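Here is how the chains run, residue by residue.
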Amino acid sequence: MATKQQITIDPQTAHGRKSPLSRLGDRLTKSVTQIEADELKEDAARLGCTPMCDLQDRQEATVSGTVRAVTLRPRVNVPALVIDLYDGSRTINLIWLGRRTIGGIQPGTYLRAHGRVTYSRGIPTIFNPSYEIVPLRAH
């Protein structure tokens, strides 16, 4: 005798997005940090950016995320402005050599940046990237 297999279709995967009830369940069971990370991942995917966890050494990439920290590394001859950018999967350092500040960039700002990735001490880094401040996280 032939047996019938029951096939269930998950509404989340059927249309590529979650149902309102599923999103409510996520909000009730996930931590605020995890919800924010998921939203950042969705925003990066919508903007066509490479997830930071998938970056390879010497690869040209466009990344986006929220600025977590802005640090000035004073050097004897050349200052370096370091931005920690987080996309929900990993943090990348964006370093501008010779800059002390960049107007409009502060913790909480949503940025899209493009450049060649290098790994410095195991941390993905882009030196002197081109960048764009994305208002309201591209909504």
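This text follows the structure it describes.
Note that the structure is a prediction, hence the values are computed from the model and not measured. (Residues numbered from 1 in each chain as written. Predicted model: local features only at pLDDT ≥ 70, side-chain atom pairs only at ≥ 80, totals over all residues. Heavy atoms only, no water.)

Participant: What is the right way to look at the packing of aromatic side chains in this model?
Facilitator: One pass over the structure, following the stated rule, counts one aromatic pair. On the basis of an interplanar angle of 80 degrees and a centroid distance of 5.5 Å, the ring pair of Trp-96 and Tyr-131 is categorised as edge-to-face. Highlighted residues: Trp-96 in strand 3 (residues 91-97) and Tyr-131 in strand 6 (residues 130-133), separated in sequence by 35 residues. Owing to a relative accessible area of 4%, Trp-96 belongs among the buried residues under this scheme. Here Tyr-131 falls in the partly exposed class, since its relative accessible area comes to 34%. (Phe/Tyr/Trp six-rings, centres within 6.5 Å; stacked < 30°, edge-to-face > 60°. Helix = DSSP H or I, 4+ residues; strand = E, 2+ residues; numbered from the N terminus. Buried < 20%, exposed > 50% of the residue type's maximum accessible area, 1.4 Å probe, protein only.)

Participant: Which parts of the structure should I look at to understand the nonpolar core?
Facilitator: In globular proteins that are soluble, nonpolar side chains generally tend to be buried together. Membership of the largest hydrophobic core comes to 17 residues, with the highest contact counts inside it found for Leu-55, Val-63, Leu-85, Ile-92 and Leu-94. Apart from residues lying up to four places away in sequence, Leu-85 is in contact with Met-52, Val-63, Ser-64, Gly-65, Thr-66, Val-67, Arg-90, Thr-91, Ile-92, Leu-94 and Leu-111. (Core = buried A, V, L, I, M, F, W, Y, C linked by side-chain atoms within 4.5 Å. Contact = heavy atoms within 4.5 Å.)

Participant: Looking at this model, I keep getting lost on the pattern of salt bridges. Mind explaining?
Facilitator: A side chain of one charge can pair with a side chain of the opposite charge if their charged atoms are brought near each other. Throughout the structure, instances matching the rule amount to three salt bridges. Taking the shortest distance from any N to any O, the salt bridge between Arg-116 and Glu-60 comes out at 3.2 Å. Highlighted residues: Arg-116 in strand 4 (residues 110-120) and Glu-60 in strand 1 (residues 60-73), separated in sequence by 56 residues. Two residues, Arg-112 and Glu-132, come together in a salt bridge whose shortest N-O distance is 2.7 Å. Residue Arg-112 is found in strand 4, and its partner Glu-132 is found in strand 6; the two are separated by 20 residues along the sequence. (Salt bridge = Lys/Arg side-chain N within 4 Å of Asp/Glu carboxyl O.)

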